[in-house]
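Each chain, written out:
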Amino acid sequence: MILRWILYYHQKEILRGLIEYPYVTGTSIIGIKYKDGILMAADMGGSYGSTIRYKSVERLKQVGKHSLIGASGEISDFQEILKYLDELILHDNMWDDGNSLGPKEVHNYLTRVMYNRRNKFDPLWNSLVIGGVKNGQKYLGSVSMIGVHYEDDHLATGFGNHLARPILREEWREDLSFEEGVKLLEKCMRNLLYRDRSAVNKLQIAKITEEGLTVSQPYSLKTFWNFAAFQNPTVGATGSW
Amino acid sequence: MLTKKGLKPPGYLKTGTTIVGVVCKDCVVLGADTRATAGSIVADKNCEKIHNMAPNILCCGAGTAADTEAVTDNISSQLKLHRYHTGRESRVVTALTLLKSHLFRYQGHVSAALVLGGVDVTGPHLHTIYPHGSTDTLPFATMGSGSLAAMAIFESEYREGLTRDEGVNLVTKAICSGIFNDLGSGSNVDICVIEKGKTEYLRNHLTPNPRTYISSKGYTFSKKTEVLHTKITPLKELVDVVQVGGDAMEE
């Protein structure tokens, strides 16, 4: 009888997070610092298991005046995070003290949120990238679903860790211009498009500078599939496939 | 006793690896890193992952080191016998078929993932072979734990009609990407260039991970062993072998 009462009132806590899988997921995010600020890229795909269910998911969102957040992983958890951030920015604005939360503060807040959820075995299934410029300082940070957080000159989540990071480590420089930065991001995104099954060819690039924040219109990358060797792979090697 | 205290014995020796191959104009360039791991310990800092199948065919192996070694040795012997039987240079598809049938027969239990490349009468060829026996014929290929890091380089920089030197540079870059971005790969870069009639094995073509601090004095043993007594016994032949005509046992 008492057990039933406990179960009834504390069911949510007892069963909290014991069973959780991501359902609708976004794939990688890539972020780099460049000369004037931060550049981030994300495609617009939302996969439901092995189907690409949604093709217009905006995974880069503005947070306050100075920052941009990009998320990979469970989309519903990202929407929840955006709600928390909304509240955070609202309270910050209500102080009306001339100060506004910058990317560093937002990063720290999200780290606490993610880590605390992880400790309750009820994680928000996301890998987040927060970028922004405040008072001339560029900031690019990452938080994972277990609360691992760090700051770096170039970041990638998900498959980007394996496919984009080697390219970024090789080719990133401190003084990239805007065009060079976009070219570098597109190089990485094209790589992901070729080799990540959950990537879609519709991406957005976001630019954050001291002046402000813009998220580009969605566009697609040019790809090349016509290597002669791919057209007819076994032409010289009869008997193979 | 140690297992009770929580020490796990090292898993079988794997070659957590980066291996790549690229088809250039008239030649095939294969590349591999040189780290062999047993769990998280580096067991061999400079092992050889590029195996000889035939004078004109070589094979890079990733997965369980014993499996890659055994399967390539086995098929290499089979190819040699086949060469004697037919009197012709081995073809890459022959090696491919022998390897894939072997691996399929063992249903994936022989954990060998291979990049097979060579030049024969029909031209340059590059194939990948997976542990369960499936194969791909590709212009550029990567396998092993560092395959994604290396593939990132290939996907962004491969062009058709590469020259030999461009191919070697691309392969070196891809292996370096694996060495520095993947924990299962490391140490040096081995390259092999196979052209019609010529195979060049560039062992340790690049060594980007030298030992940082080397003692200039070298190493000497502190105490010399004292020689107490010397006795030399020459080995004597007990039997004289005399060849009486006929052929000596054929090689």
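The rules behind these values
- Residues numbered from 1 in each chain as written.
- Chains lettered and ligands numbered in written order.
- Predicted model: local features only at pLDDT ≥ 70, side-chain atom pairs only at ≥ 80, totals over all residues.
- Heavy atoms only, no water.
- UniProt positions renumbered as here; feature names shortened; annotations may be inferred.
- Contact = heavy atoms within 4.5 Å.
- Buried area = accessible area lost by both parts, 1.4 Å probe.
- Salt bridge = Lys/Arg side-chain N within 4 Å of Asp/Glu carboxyl O.
- Polar contact = N/O pair within 3.5 Å; in protein donor to acceptor, adjacent residues only side chain to side chain.
- Helix = DSSP H or I, 4+ residues; strand = E, 2+ residues; numbered from the N terminus.
- Nonpolar A, V, L, I, M, F, W, Y, C, P; charged D, E, K, R; others polar.
- Phe/Tyr/Trp six-rings, centres within 6.5 Å; stacked < 30°, edge-to-face > 60°.
- Buried < 20%, exposed > 50% of the residue type's maximum accessible area, 1.4 Å probe, protein only.
- Core = buried A, V, L, I, M, F, W, Y, C linked by side-chain atoms within 4.5 Å.

Going by an unreviewed UniProt entry, chain B carries the name Proteasome subunit beta and comes from Helianthus annuus. Its UniProt record, at the heading Catalytic activity (unreviewed entry), says of chain B: "Cleavage of peptide bonds with very broad specificity."

For chain A, the name recorded in an unreviewed UniProt entry is Proteasome subunit beta, with Helianthus annuus as its organism. Per its UniProt entry, chain A bears the Function (unreviewed entry) comment "Non-catalytic component of the proteasome."

A few words on the interface of chain A and chain B. At the junction of the two partners, chain A supplies 23 residues and chain B supplies 27 residues. Overall, the association of chain A and chain B removes approximately 2000 Å² of surface from exposure, summing both partners, and the carbon and sulfur fraction of that is 62%. Taken together, the links from chain A to chain B amount to one salt bridge. Linking chain A with chain B are four residue pairs in polar contact (both at pLDDT 80 or more), by the criterion used here. Contributions of two or more residues to the side of chain A that touches chain B are made by α4 (160-163), α5 (165-171), α6 (178-195) and α7 (228-231) of chain A. Its residues assigned to classes, the side of chain A that touches chain B comprises 12 nonpolar, six polar and five charged.

So, about the packing of aromatic side chains. All names here are of chain B. For the coordinates displayed, the defined rule picks out nine aromatic pairs over all chains. Ring centres 5.8 Å apart and planes at 65 degrees place the aromatic pair phenylalanine 140 and phenylalanine 154 in the edge-to-face group. A residue pair is termed long-range when its members are at least 10 positions apart, and phenylalanine 140 in strand β10 (residues 140-143) and phenylalanine 154 in helix α3 (residues 147-157) qualify at 14 residues. Overall, phenylalanine 140 belongs to the buried group, its relative accessible area being 2%. Exposure remark for phenylalanine 154: the relative accessible area of 0% places this residue in the buried category. Here the aromatic rings of phenylalanine 140 and tyrosine 158 are separated by 4.7 Å at their centres, their planes lie at 40 degrees, and the arrangement is tilted.

With that settled, the discussion passes to the nonpolar core. General note: in soluble globular proteins, nonpolar side chains tend to be found buried as a group. Residues and elements named next belong to chain B. The biggest cluster of nonpolar side chains holds 23 residues, and the ones touching the most others in it are Val22, Val29, Phe154 and Val171. Listed by contribution, the elements that provide at least two residues to this core are β1 (19-24), β2 (27-32), α3, α4 (164-181) and β11 (189-195). The greatest single-element share of this core, amounting to seven residues, is contributed by α4. In contact with valine 22, other than residues within four places in its own chain, are Cys27, Val28, Val29, Leu126, Pro139, Phe140, Phe154, Tyr158, Leu162, Gly167, Leu170 and Val171.

This next bit is on the UniProt feature "active site" (unreviewed entry) in chain B. Residue and element names in this part refer to chain B. With numbering matched to this structure, UniProt assigns "active site" (unreviewed entry) to Thr17. Mapping threonine 17 onto the fold places it in the segment before β1. Residues in contact with threonine 17, not counting those within four places in the same chain, are Asp33, Lys49, Gly61, Ala62, Met143, Gly144, Ser145, Gly146, Ser147, Asp182, Gly184 and Ser185. In this structure the side chain of threonine 17 is engaged in a polar contact, spanning 3.1 Å, whose partner is the side chain of lysine 49.

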